[in-house]
Amino acid sequence: MEQFDFITNLLGIKDPNITILDHVDSTTHKEILAKLDYLAPKCHNCHGQMTKYDFQKASKIPYLECAGYKTLIRLKKRRFKCKKCGKVAVSETSLVNKNHQIATVVHQKIAQLLIEKQSMPDIAKRLAVSTSTVIRKLNEFQLKTD
Ligand SMILES: [Zn+2]
């Protein structure tokens, strides 16, 4: 397991609730399989105690390049179920922005490249995200400076 701790450090994954399970090196990219799990929180809906439920199907999170290789994190997120009202909630992490599957560090990198005045298609290609993700980030910028 020490080797996997090393990977989280190397990738700058700061969320201690993320555990790396496996990694795959293909000739074109690197893939990291990880899980997100922590103690069941209180229910947002009724404030009852939730319990651990199953894991969501792994979501694909494109990550920053690692040693020149495109890197993909497949993250399985724990789901919790409320004992009282039956509501199901998915675990949350600082690794990705809450409403979309883009890693926070990738967002920061987009911002940096926009400041360096790189073209949007170049940024999208380099970070393996869609051009619309880059445009969204640009719009966020403009909203802040208005
Ligand atoms: Zn509840």
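Residues numbered from 1 in each chain as written. Predicted model: local features only at pLDDT ≥ 70, side-chain atom pairs only at ≥ 80, totals over all residues. Heavy atoms only, no water.

Is there a simple way to explain the overall build of the protein chain in this structure?
If you tally the helices and strands in the protein chain, you get four helices and six strands. Along the chain direction, N to C, the helices and strands of the protein chain fall in the order α-β-β-β-β-β-β-α-α-α. With respect to the three principal axes, the spread of C-alpha positions in the protein chain is 50 × 45 × 20 Å. When burial is assessed residue by residue, the protein chain has 32% of its 146 residues classed as buried. The long-range share in the protein chain, meaning contacts at least 24 apart out of those at least 6 apart in sequence, stands at 47%. When the accessible surface of the protein chain is summed, it comes to about 9200 Å², and 54% of that surface belongs to carbon and sulfur atoms. (Helix = DSSP H or I, 4+ residues; strand = E, 2+ residues; numbered from the N terminus. Buried < 20%, exposed > 50% of the residue type's maximum accessible area, 1.4 Å probe, protein only. Contact = heavy atoms within 4.5 Å. Areas by Shrake-Rupley, 256 points an atom, 1.4 Å probe, with all protein chains shown as cover.)

Would you mind going over the side chain of Thr 8 with me for this structure?
By the element assignment, Thr 8 lies in helix H1 (residues 2–11). With near-sequence residues (within four places) excluded, Thr 8 lies in contact with Ile 13, Ile 18 and Ile 20.

Just checking my understanding: could you explain the environment of Pro 62 for this structure?
Structurally, the position occupied by Pro 62 is in strand E4 (residues 59–66). When the C-alpha atoms of Pro 62 and Gln 101 are compared, they prove to be 8.2 Å apart, with 39 residues separating the residues in sequence. If sequence neighbours within four positions are ignored, Pro 62 has contacts with Thr 71, Leu 72, Gln 101, Ala 103, Val 106, Leu 127 and Ala 128.

It is worth stressing that arrangement in space is one thing and function is another; only the former is reported here.
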